[in-house]
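Topology and contacts: notes
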Amino acid sequence: MKKTVIIIGSGFSSLAASCYLAKYGYDVTIFEKNNTIGGRARQLIKNGFTFDIGPTWYWMPDVFERFFADFGKSPSDYYTLEKLNPAYSVYFGKNDYITIEDTLEKITIAFEKEETGSSKKLKTFIEKAKSNYDIAIKDLVYNPGVSPLELVTPATIKKLNQFFSTIKKDVRKEFKNERLVKILEFPVLFLGAKPSDTPSFYSFMNYADFGLGTFHPKKGMYQVILALENLAKELDVTIKTNASVEKINVKDSKSIGLISNGKTYNEDIVVSGADYHHTETLLDKNYRQYSEAYWKKKTFAPSSLLFYVGFDKKLINVNHHTLFFDVDFDIHAEAIYDHPSWPENPLFYASFPSKTDENVAPEGKEAGIFLIPLAPGLEDTPEIRNIYFEKIIARLETLTSQNIKNHIIFKESFCIKDFIKDYNSYKGNAYGMANTLMQTAFLRPKLKSKKVKNLYFTGQLTVPGPGVPPSLISGKLVADLVLKHTKK
Ligand SMILES: Cc1cc2nc3c(=O)[nH]c(=O)nc-3n(C[C@H](O)[C@H](O)[C@H](O)COP(=O)(O)OP(=O)(O)OC[C@H]3O[C@@H](n4cnc5c(N)ncnc54)[C@H](O)[C@@H]3O)c2cc1C
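Residues numbered from 1 in each chain as written. Predicted model: local features only at pLDDT ≥ 70, side-chain atom pairs only at ≥ 80, totals over all residues. Heavy atoms only, no water.

As for the overall build of the chain
Looking only at helices and strands, one finds 15 helices and 19 strands in the chain. Taken over C-alpha atoms, the radius of gyration comes to 22 Å for the chain, in line with the 23 Å a tight globule of 488 residues would show. The C-alpha extent of the chain, read off along each of the three principal axes, is 65 × 55 × 45 Å. Looking at the chain residue by residue over its 488 residues, the buried ones come to 59%. (Helix = DSSP H or I, 4+ residues; strand = E, 2+ residues; numbered from the N terminus. Rg over C-alpha atoms; globule rule 2.2 N^0.38 Å. Buried < 20%, exposed > 50% of the residue type's maximum accessible area, 1.4 Å probe, protein only.)

Structure (structure tokens):
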């Protein structure tokens, strides 16, 4: 008889884990609390507009290819991927922006215009970033974070100094122009920490950005969730929605059943892709590995205030991905990491997927997604959300020289309270736990419980960290660990 696995959650990591475990011969059932799958990557459809609620940047296409190749498939079997050109633009003031195009060659030209001599420096910087990418993505991040020795390879020993310097220092050593500095510091924000707290080695994100480029799955990122769902179903995974897990029963250090909607389900193995802290609260206290004090001390990646807006016209002077860095990032970063509070003048990110994808908005209209990064755990009220909506729409109007306010058909918002309600997220974090030096690899919460023999974890709070590609990898890592421990 096949061993049974129950997976809690249906985010990227859970779906990936389900595919691997089914392929390895387990009988897999997913329990998802919401009425749709996808977790943080769910979709909102309204009045003919389609929005990705969470991730919008498709980076590191090689990780997606590697995932599907493990099942003899390719992303193109499920969705159509396009490389965006431009990849994105970054605003620094009124009608003042830098556009990042789709090849390193074109990007170096843009850099040279800003700072003489910077094109050569950029090429060297990206070569180093590529070498880090090759080591990190092809090798390191596929380790289960069990032992510090996983990080010790002939290649990493040569790069040891890069674990003790920071992205901020490295970028500023080479580039003096503040605008270029901001652009080069932007990719590590995906890892959830300040550039001043992120080891230099993570410059591999710059290679992902400038070397590999930014892609868009036609109809949006949710197509990737649907691809995983299709693959999981092809592999006979059962997916239950509206199935919140309320308790993990444990006897003699072994899970003996999960309770969902008042019913008990028995299983041989539990894998949780729900937020780590929440999953531990489903256990009696003596079976939890990490105390409340432990979680409190950790550097969490930001939460976010998000808006999904339907506009009744096409907007000008914006691209598919547009960053608004016209205010001081250091001050905003302090409000996220040092003194948690609502930022006075926030940086924000806007995505207008209908700029390149006719499927996501009715003809002649624009779909807009806006994101302000925030400290987790802040007060979240409709009034505060509105104040920030007014702020960013006013800035957008001024910076891009157009009337926007009178062209809004509707807006929906999503913030800290929703992250807690919809995903059981600790303090409403959006992207899990940051990848700082002390929260990297074996220093992150473990894939396998130390207290409950047959309980495993996956997702952005464990290894390798936040983001869609790491979540796919996390699903593989946990499935491999389950296989190693339980298959004869
Ligand atoms: C706003 C936003 C923007 C982002 N942008 C990007 C981006 O552009 N590019 C990128 O690569 N990454 C991005 N990310 C990060 C990326 O989306 C996440 O890292 C990834 O989706 C996390 O997947 P996961 O499987 O770890 O967790 P989740 O997606 O959170 O999945 C956990 C699942 O568990 C379920 N669950 C919780 N409790 C229970 C319970 N008791 N019972 C049953 N089910 C339960 C939840 O409902 C959820 O479906 C973004 C994230 C957010 C929030």
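A few points about the sheet that holds strand S1 (residues 4-8)
Sheet strands associate in pairs through backbone hydrogen bonding, adopting either a parallel or an antiparallel arrangement. With respect to topology, five strands assemble into an open sheet ordered S9-S2-S1-S13-S19, the strand pairing being parallel. Each edge of the sheet is formed by a strand with only one pairing partner; in this case those strands are strand S9 (238-240) and strand S19 (455-457). Each neighbouring strand pair of the sheet contributes to a mean axis angle of 20°, computed without reference to strand direction. With five bridges joining them, S1 and strand S2 (residues 27-31) adopt parallel strand pairing. Each bridged residue has a counterpart across the sheet, and for threonine 4 the counterpart in S2 is aspartate 27. Its contacts with the sheet place helix H15 (residues 468-486) against strand S13 (269-272) and S19, and it is angled at close to 155° to S19. (Pairing = 2+ DSSP bridges. Axes fitted to C-alpha atoms, helices over the stretch in contact; angles between N-to-C directions. Contact = heavy atoms within 4.5 Å.)

Looking at helix H8 (residues 204-212)
With eight of nine residues buried, H8 lies mostly within the body of the structure. Listed in full, the buried residues belonging to H8 are Phe204, Met205, Asn206, Tyr207, Ala208, Asp209, Phe210 and Leu212. One or two steps after H8, the chain reaches glycine 213, where phi turns positive at roughly 100°.

A closer look at helix H13 (residues 382-400)
In a regular helix each residue adds 1.5 Å, so 19 residues correspond to 27 Å; H13 covers 27 Å between its end C-alpha atoms and thus fits that length. All of the buried residues along H13 are Ile384, Arg385, Tyr388, Phe389, Ile392, Ile393, Arg395, Leu396, Leu399 and Thr400. For H13, the buried positions fall inside an angular range of 160° around the axis, keeping them on one side. Trailing H13 by a residue or two, serine 401 shows a phi angle of about 55°, which is positive. (Expected span 1.5 Å × (residues − 1). Arc of directions from axis to C-beta.)

Details of the pairing of strand S3 (residues 43-46)
With four bridges connecting them, S3 and strand S4 (residues 49-52) associate as antiparallel partners. Opposite leucine 44, over in S4, you have phenylalanine 51 as the bridge partner.

Focus: the pattern of salt bridges
Here the structure, examined in full by the defined rule, presents 26 salt bridges. A salt bridge links aspartate 422 to arginine 42; the shortest N-O distance between them is 2.8 Å. Linking aspartate 422 in helix H14 (residues 416-423) with arginine 42 in the loop between S2 and S3, this pair joins segments that are 380 residues apart in sequence. We classify aspartate 422 as buried; its relative accessible area is 10%. For arginine 42, a relative accessible area of 10% puts it in the buried group. Between glutamate 358 and lysine 218 there is a salt bridge, and its shortest N-O distance comes to 3.6 Å. Here glutamate 358 is found in the loop between strand S16 (348-351) and strand S17 (366-374), whereas its partner lysine 218 is found in the loop between strand S8 (215-217) and helix H9 (222-234), with 140 residues between them in sequence. Among the ionic contacts, a cluster of salt bridges with common partners joins Arg42, Lys421 and Asp422. (Salt bridge = Lys/Arg side-chain N within 4 Å of Asp/Glu carboxyl O.)

With respect to the nonpolar core
Of all hydrophobic cores here, the largest spans 112 residues; its most connected members are Phe67, Tyr88, Phe111 and Phe210. Leave out the neighbours within four places in its chain, and phenylalanine 111 touches Ile100, Ser118, Leu122, Phe175, Leu180, Ile183, Leu184 and Phe210. Within the second largest apolar cluster, 27 residues are counted, among which are Tyr91, Leu315, Phe348 and Leu378. (Core = buried A, V, L, I, M, F, W, Y, C linked by side-chain atoms within 4.5 Å.)

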